[in-house]
Amino acid sequence: MRTSYKEALARAKGPVSKWPGRGEGSRLEPEAWPLLAPRFRLHPGETVFTIGSCFARNIERHLEILGFDVPAGRFRVPAGEMPDGTGVGLLNKYTPHSMRDEIAWAARVAREGAGESLLAQSLFEVEGGRCIDLGLAGFVPVTRERALERRREIAALYQRCFDADVVIMTLGLVEAWHDAKRGAYIQQAPNAAMLRHDRGRWQFEVLSYEDALQSTREAIELLDRTGRPGKRILLTTSPVPMARTFSGDDVLVANMHSKSVLRAVCGALARTWPNVDYAPAYESVMLSRTPAVWKDDLIHVTTEFVGKVVERVLAAYVDDTARLPDVPLEARVARIGQARRPSTRLGQARAAGDATRFREVPHGVVIFAPDASAHGVAYGPLDLSAYRSFAALLELSQDAEAAEVTLEIREPGSSTACFSAATRVAGDVASWQLPLPALPTAATVTLHVRASSRRAGAKQVPRVRIINPRFFAERGGDA
Amino acid sequence: MRIGYDEAMARSRHAHSKWPARGEGNRLEPEAWPVLSPRFRLRPGETVFTIGSCFARNIEGHLAQLGFRVPAAEYRVPVEECPRGFVSGILNKYTPHSMRDELDWAARVLRDGPSDALLSESLFELDGGQCIDLNLASYIPVTLDRGVQRRAEIAELYRHCFEAEVVIMTLGLIEAWYDTERGAYIQQIPNAAMTRRTPERWQFEILSYADSLQAIREAIGLLGRTGRAGKKIILTTSPVPIGRSFSGEDPLLANTYSKSVLRAVCGTLAGECANVDYAPAYESATLSKSPEVWMDDLIHVRTSFVGKIVERILAAYVDDQAALPQLALEERMARMKAIQNTAVHLSAPRPAREGVRYRELQKGVVIFAPDAQPHALCYGPLDLSRGGTLTARLQVLEGTSVLVRIEVHDPDSEAAGFEWELAMGERLVPLRLSLPALSKAATLTWTVSADTAAREDRRVARLRIENPRIMSPPPPPPPPEAL
């Protein structure tokens, strides 16, 4: 669409139309706070439905404290249903397609009722009668009964996206996985259980701009014509990069492509409807050059900075800011920190014994290549006196038939363990949750793994991944 | 396009498939240097044709120092035609459409010969036999003859893009301007000379992803089927942001949208053909959080950082590293500086005698409040031995007629080596004045007086002089070093 010279010039009047230089009062350094020009208003107390990548989860906690009704922020599942043992993040939708598909599913449930075939539509059966929900993050197997129950919970939750006043959609990734058998996209990269069942079924795809635009447009149209009319939609692009790429490029390059496609989609759509706006969280995070923006993983945005982003959005979108609860940023950050189950990661693993074959990959994942004899890694000494439970996700490779994993905690120098427990994994993925007794202020933690091979004499070595072993200050939800 | 799990996993086996965490030896902090995976090789001595936004100009300087033949970096116009005195800035192409259109024009010239019609296709005629080339940056008016002659030079230059081994395309902006009369895109926002008579002729447009993709695809198609077969194409997205947005949005937003569209276009096209690659200069500049990346305007990337980017690209793309000239970054920067036009900013003026009424605002802006008595300011001593072009913007704020007189004196001489006078009837005059070769220590004097008749309404005349400076061509190059 072309506009006249005069109109274009009128739009570009004022100091904010020019890129700011270095110096006092710049809105670019040290932190970038673009001027927002809202097309609609938000009112404290309104219902905000948040859908999208993990950045949607970050935003919703702040919105809750600041007086909005945020249904997705209240949704909880037992801790063991997520690989990291937190029970948070199950609702994450990383790609435009997965957002569109979940909203389309919820709209069908609203139309046709929660029949069993609809509830079971995204369930994938693994060994032992358990199910993985391919439309939910984490891919931790649960019983079929629980999977159906959880789908009912999600159907009830998602009815709120149709009657909410506001929907915030956070676009995360364009790297998508597809289930060739069902002809549908799945939530994330398939895990060992899914691969063991049918390796050829899962496909990888980098979504194009056209596809990402189309599915986000469909999602907006579904929201528009279902439930409350004229609901306001706020688009954001998540600044949180992908942790791993399957494109073959450096992840720094692949992620930039991914985010550029999604930011371009947001920009194109925000110009299309009067009830759709774009909130520049991505800009603030990407253009700010202070290290305080990022956590040490350089992936997640600090709670403080997310809090500032939400503050800025509300300052621009809320008329009566006096009606917002007067909770300073520090207090919000502290409250969010408390609500999280405080946990500790185990840190650097070292071999416990000479012949141990293991490899530590980033983000607390240890891969063992064990055989019939036990291989072990040790951590610590750690102060475990404040912790009350242990959780980890165990994953077996295709060539592993079964594995036995032992956790042992002892005081340094002591010959007897103050705690030990073992579990046998015969399937492929299992969440391991353990309540713990009172533990010492200095303790060494060892994990031992023993595994049997599926095919005797096979060349492939069985592998066991221990994902995110952590101690929690509270007892696990389903322990 | 979908691929199987095993193939996807094989692509993800390398260490750089995972996002680096904070700590020693990561490739993200303090500077971001993604691992490059070239699809083809570059060889020192090859001809590289650079086309695109000002970032293309930044890159080409380094490439020329590092042993590549870079025709666009050798192209020169007289100092007075250079936008802001920047040597080859006139070649800047900011939008995908302007790149495509210039390549299309060059291909037609190659096919049909440089006819007058083709050479004057983009010329916009002004009064007094002057014209503006709507497809060249800066829109500085030149004579019609020079307009046509310069087009012939550019046709000659652009032949190289079809013969080059390598073409680097740097995508800059999606905020475009359009000429409704010709039905063609123009290079940048129309200037006062263009809007004075026909403001409705020029329109503004934000190019879509689909349009940008199509334009670059067409440009690549033109390069592919004209001249040398199988030439290698490197796409980059310029990290240099838009200085001013006409979208109505904060440019922090409008620019991120603009760059995201172009970066998405690059990513889409780089996967399509074996001879098209994407080089992540944009990633390095925008993901590096060190303030050393940016100049103080927070727009341009420092020469030193551009130099590092070019180094990294060549380290990945060139097999025979020993064949590259062993020139340290500092030495390359010094040599690049030596071939730039020099700009002497006229700053710190002093009154030529007592009682001169003037005020110096920031950034070389002087305001005079003259009366019938001449008021004068001096600058210097200045080295004007190579001559140059004096440029400034003169604006009458109050009063109807102001007389401006410029003199250049040798320190030892009473007579002016150069003098020039302008009676300002118009409110705004962009001054552009060729100076002959003068003294090494010359003094420049502005003298301003107001028409007394204009004072009958009792208002004080005021004249604003903005950004006065003298640009000179670079000194002759030193004789080439023996290899």
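Data block above holds the structure.
All residue numbers refer to positions counted from 1 along the written sequence of the respective chain. Chain labels run from A onward and ligand labels from 1 onward, assigned in the order the entries are written. A pLDDT threshold of at least 70 governs which residues receive local features in this predicted model, and a stricter bar of 80 or more applies before side-chain atom pairs are shown or counted, although totals over entire chains, interfaces and linings include all residues. To get the side-chain values, all heavy atoms of the structure are used, and hydrogens and water are removed first.

Student: I keep staring at the interface of chain B and chain A and nothing clicks. Help me out?
Tutor: Buried accessible area, meaning the area lost when the parts come together, often serves as the stated size of an interface. The criterion used for residue contact is that any of the two residues' heavy atoms lie within 4.5 Å. Facing the 77 residues of chain B at the interface are 77 residues of chain A. The working definition used for a salt bridge is a side-chain nitrogen of Lys or Arg within 4 Å of a carboxyl oxygen of Asp or Glu. At the boundary of chain B with chain A, the tally comes to eight salt bridges. The set of elements that each furnish at least two residues to the side of chain B that touches chain A consists of β1 (2-4), α1 (5-11), β7 (175-179), β9 (202-206), α8 (209-225), α9 (251-270) and α10 (281-287) of chain B. Only DSSP runs of H or I covering at least 4 residues are called helices, and only runs of E covering at least 2 are called strands; the numbering of each starts at the N terminus. Tallying contributions element by element places α9(B) first for the side of chain B that touches chain A, with 12 residues. In this classification, the charged set is Asp, Glu, Lys and Arg, the nonpolar set is Ala, Val, Leu, Ile, Met, Phe, Trp, Tyr, Cys and Pro, and all remaining amino acids, among them Gly, are polar. The class makeup of the residues in the side of chain B that touches chain A is 41 nonpolar, 19 polar and 17 charged. Two strands qualify as a pair provided that DSSP identifies no fewer than 2 bridges between them. Pairing geometry for strand β9 (residues 202-206) of chain A and β1(B), over three bridges, is antiparallel. For A:Q203, the partnering residue across the bridge sits in β1(B) and is B:G4.

Student: What exactly am I supposed to notice about the state of the cysteines here?
Tutor: Linking two cysteines covalently through their sulfur atoms gives a disulfide. Residue and element names in this part refer to chain B. In what follows, a disulfide is any cysteine sulfur pair within 2.5 Å. Tallied over the entire structure, the rule returns zero disulfides over all chains. With no disulfide of its own, C161 lies 17 Å from the sulfur of C273, the closest cysteine sulfur. Each residue gets one of three labels from its accessible area relative to the maximum for its type: buried under 20%, exposed over 50%, partly exposed in between, using a 1.4 Å probe on protein chains only. Taking the relative accessible area as the measure of exposure, C161 reaches 0% and is therefore buried.

Student: What is the right way to look at the sheet that holds strand β6 (residues 166-171) of chain B in this model?
Tutor: Backbone-to-backbone hydrogen bonds join strands into a sheet, with any given pair of strands oriented parallel or antiparallel. Residue and element names in this part refer to chain B. Spatially, four strands are ordered β2-β6-β10-β11 in an open sheet, and the strand pairing comes out parallel. Strands with a single pairing partner mark the edges of an open sheet, and in this sheet they are β2 (48-52) and β11 (276-278). Each adjacent strand pair in this sheet contributes to an overall mean axis angle of 20°, direction not counted. As defined by bridge partners, β2 adjoins β6 across five bridges and the pair is classed as parallel. Bridge pairing in β6 links I51 to M169. Convention adopted: a line fitted to C-alpha atoms gives each axis, helices being fitted over their contacting stretch, and angles between N-to-C directions are expressed from 0 to 180 degrees. Sheet strands in contact with helix α6 (residues 144-163) are β2 and β6, and its direction is about 115° off that of β2.

Student: What am I meant to see in the packing of helix α2 (residues 54-65) of chain A against helix α12 (residues 329-339) of chain A here?
Tutor: All names here are of chain A. The contact between α2 and α12 brings their axes to 10 Å, and the two run at 115°. As for the relative orientation of α2 and α12, their crossing is right-handed in sense. Residues R61, H62 and I65 of α2 pack against R332, R335 and I336 of α12. Take the far helix as the reference: if the near one is turned anticlockwise from it by less than a right angle, the crossing is left-handed, and if turned clockwise, right-handed.

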